[in-house]
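For reference, the chains in residue letters:
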Amino acid sequence: MIDIDDSVLKDIKSGFNLPPKPELLTQLQQTLKDPEPDLNDIANLISTDVATSAAVLKVINSPSYGLARTITDIRQAVMFLGLNSIATLVTGFLLKQAFDQKSCCIKLERFWDTATEIADVATLIGKKIKSKVPTENLHMLGLFHDAGIPALAVKYNNYVKVLGAANRDYDKNLVQHEEETYKTNHAVIGFFLASSWHLPKSTCQLILRHHDAEYFTEKHTDEEHMTLATLKMAENLVHTQKRFIADPDWPFIKDKVLNALQLDEDDYQDIKEDVEDYFQEKFG
C-alpha cells in the first residue's frame, strides 16, 4: 500500500492542478469523525450549500433509488440514506464541480455522465448479487475511479488526442497510451486526488490499481477483490452498452472478475440484461 505525505501531495497538486478539497467536504468529514455524529448537524451543514443540497435531493429522488415517495429536504435524505451514503453523494457532487470546463480539453459533461452510469451500474450489481460491500463504497469508486482523466485534460491541451487514440486502439488500454505520452497515467493522478480529498485509503488504492489485472492474483481481502471486480464489470457493461464492444481490459480479467464475484456466465448475462433495462429506462 502506498502512503503519501503532504509534501508529495502538494507537489502533485501544483503539477497537475488538482482541485483542493472543498471546505464543505472538510467540515463534513470532520463532523463524521465524531463518535456519535448528529444527523441534524450533518443536514444543517449540507443545507448551507444550496447547489449541493439540490444535487443530493435530485439523486435520491432519481429512478436509481426507486423510492415510493419523494424526499423533500436534506434531513429526510440524511435519515433515509445514512451518514456514509450521504457523504458519498456530497463528495461525488463536489468532485463534479471541482473541474472547470473552460480549462479542460475534454467535454466534462460527457465524462461525468459516463462516470455516473458506471457508479449506478456498480451499485446495481452490488444489490443484484447481495454483495457484502456497502453500496456507497461501490458508488464512490465508480464515480471517482477515473477522476485523474479531467486532471490530465486540464494539464495537457493534447490529452483529447491521447484519449481518442486509446478509444481507437484495442491493443493498448488508456493507461498505456498515457504512460507513453506523459510518463504517468490517470490511475496514479486519481490516486493522489482521492488521497488529497481524504477518501478512504482502500478506495484510493483501488483507484490506483483499477487497470492492473495482477491485483486479482494478489492477497487482498474478499471485500477488496469484490469491490474492484464490481467496478470492472460495471465498466465493461457500460462500455458495451455505449460502444457495442467490450472494454479493452475485459478479455484479460473476465474470468477473474466472475470468480471474485462467484458468478457464472448465466449470472453475468442476467446482470447484463438488467443493465440494458437501466439504460432503456434512462434514455427511453
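Quick note: structure is the one above.
Quick summary incoming for the structure in this document. (Residues numbered from 1 in each chain as written. Predicted model: local features only at pLDDT ≥ 70, side-chain atom pairs only at ≥ 80, totals over all residues. Heavy atoms only, no water.)

1. Quick look at the overall build of the protein
Quick reminder of the rule: Helix numbers and strand numbers start at the N terminus; a helix is a DSSP run of H or I with at least 4 residues, a strand a run of E with at least 2. Only the C-alpha atoms count toward the radius of gyration. The rule for a globule is 2.2 Å times the residue count to the power 0.38. Three exposure classes are used, based on accessible area relative to the maximum for each residue type with a 1.4 Å probe and protein chains only: buried under 20%, partly exposed in between, and exposed over 50%. Contacts are assigned to residue pairs that have any heavy atoms within 4.5 Å of one another. The method behind every accessible area is Shrake-Rupley, applied with a 1.4 Å probe, and residues are considered shielded solely by the protein chains displayed. When charges are counted, Lys and Arg contribute as positive and Asp and Glu as negative, whereas His and the chain ends are disregarded. In plain terms, the charge of a residue is placed at NZ if it is Lys, CZ if Arg, CG if Asp and CD if Glu.
When its secondary structure is counted, the protein shows 16 helices and zero strands. In summary, the protein has a C-alpha radius of gyration of 19 Å against a globular reference of 19 Å for 284 residues, a match within 12%. With the C-alpha coordinates of the protein rotated into their principal frame, the extents come out at 50 × 45 × 40 Å. Residue burial in the protein is summarised as follows: out of 284 residues, 50% are buried. In the protein, once contacts between residues fewer than 6 apart in sequence are set aside, the share between residues at least 24 apart is 66%. A total accessible area of about 14500 Å² is found for the protein, and carbon and sulfur atoms account for 50% of it. In the protein, 30 positive and 43 negative side-chain charges are present, and the distance between their average locations comes to 5 Å.

2. Digging into the nonpolar core
One broad rule of soluble globular proteins: the nonpolar side chains tend to lie buried together. Quick note on the threshold: Within this scheme, the nonpolar core is defined by two criteria: the residues are buried Ala, Val, Leu, Ile, Met, Phe, Trp, Tyr or Cys, and they are joined through side-chain atoms within 4.5 Å.
The biggest cluster of nonpolar side chains holds 87 residues, and the ones touching the most others in it are Ile106, Val121, Phe144, Tyr159 and Met233. Those residues within four positions of Met233 in sequence are excluded, and the remaining contacts are Ile125, Trp250, Val257, Leu258, Leu261, Leu263, Tyr268 and Ile271.

3. Focus: the packing of helix α8 (residues 135–144) against helix α14 (residues 222–243)
Put simply, the rule is: Axis lines are fitted to C-alpha atoms, over the contacting stretch for helices. Their N-to-C directions set the angle, which ranges from 0 to 180 degrees. What sets the label is the angle itself: under 35 degrees gives roughly parallel, over 145 gives roughly antiparallel, 65 to 115 gives roughly perpendicular, and the rest give oblique. For any helix crossing, the convention is left-handed if the near helix is rotated counterclockwise from the far helix by under a right angle, and right-handed if that rotation is clockwise. Gly counts as polar in this scheme, as do all residues outside two lists: the nonpolar Ala, Val, Leu, Ile, Met, Phe, Trp, Tyr, Cys and Pro, and the charged Asp, Glu, Lys and Arg.
Interhelical geometry of α8 versus α14 gives an angle of 50 degrees and a closest axis separation of 10 Å. Our classification of the angle between α8 and α14 gives oblique. Crossing handedness for the pair α8 and α14: right-handed. In this structure, α8 contributes Asn137, Leu138, Leu141 and Gly142 to the contact, and α14 contributes Glu223, Thr227, Thr230 and Leu231. Residues belonging to the contact of α8 with α14 are distributed by class as follows: three nonpolar, four polar and one charged.

4. Some remarks on the environment of His220
As a reminder, the rule being used: Whenever two N or O atoms come within 3.5 Å, that pair is a polar contact, provided that in protein one can donate a hydrogen and the other can accept it, and provided that, for residues adjacent in sequence, both atoms are side-chain atoms.
Along the chain, His220 turns up in the loop between α13 (201–209) and α14. With sequence-adjacent residues up to four places away left out, His220 is seen in contact with Arg209, Tyr215 and His225. Looking at His220, its side chain comes within polar contact range of the side chain of Glu218, at 3.0 Å.

5. Considerations on unusual backbone geometry
Of note, Lys183 is a non-glycine position whose phi angle comes to about 60 degrees, a positive value. Mapped onto the secondary structure, Lys183 falls in the loop between α11 (174–182) and α12 (186–196). Judged by its relative accessible area of 65%, Lys183 falls in the exposed class.

6. Re the side chain of Asp249
Here Asp249 is to be found in the loop between α14 and α15 (250–261). Leave out the neighbours within four places in its chain, and Asp249 touches Asn173, His210, His211 and Lys232.

7. Topic: α12
One full turn of an α-helix is made of 3.6 residues, so residues set three or four places apart face in the same direction. Buried residues dominate α12, accounting for ten of its eleven residues. Residues His186, Ala187, Ile189, Gly190, Phe191, Phe192, Leu193, Ala194, Ser195 and Ser196 constitute the buried set of α12. Of the residues that open α12, the one with a side-chain oxygen 2.8 Å from the backbone nitrogen of Ala187 is Asn185. Once α12 finishes, His198 follows within two positions and takes phi at roughly 55 degrees, a positive value.

8. Remarks on the environment of Lys172
Note on placement: Lys172 falls in the loop between α10 (159–168) and α11. Residue Lys172 is classed as partly exposed on the basis of its relative accessible area of 25%. Taking the C-alpha atoms as reference, Lys172 lies 7.5 Å from Pro248; in sequence the two are 76 residues apart.

9. Here's the deal with a negative patch on the surface
The criterion, for reference: Patches in this entry comprise residues that are over 30% relatively accessible and not in a salt bridge; like charges within 9 Å are linked, as are nonpolar side chains (Val, Leu, Ile, Met, Phe, Trp, Tyr) within 5 Å. Salt bridges are defined as contacts in which a side-chain nitrogen from Lys or Arg sits within 4 Å of a carboxyl oxygen from Asp or Glu.
A cluster of acidic residues, Glu273, Glu276, Asp277 and Glu281, forms a negative patch at the surface. Along the polypeptide, Glu273 turns up in helix α16 (residues 265–283). Classification of Glu273 by relative accessible area gives partly exposed; the value is 47%.

10. Comments concerning the packing of aromatic side chains
Two descriptors summarise a pair of aromatic rings, namely the distance from one centre to the other and the angle between the planes of the rings. Using the following cut-off: Put simply, two rings from Phe, Tyr or Trp (the six-membered ring, in Trp's case) pair if the centres are within 6.5 Å, and we call them stacked under 30 degrees between planes, edge-to-face over 60, tilted for the rest.
In the structure shown here, the tally under the stated rule is eight aromatic pairs. Ring centres of Phe111 and Trp112 lie 4.8 Å apart, and the angle between their planes is 75 degrees; this geometry places the pair in the edge-to-face category. Using a relative accessible area of 13% as the deciding quantity, one classes Phe111 as buried. With a centroid separation of 5.3 Å and 75 degrees between ring planes, the pair formed by Phe191 and Phe192 is classed as edge-to-face.

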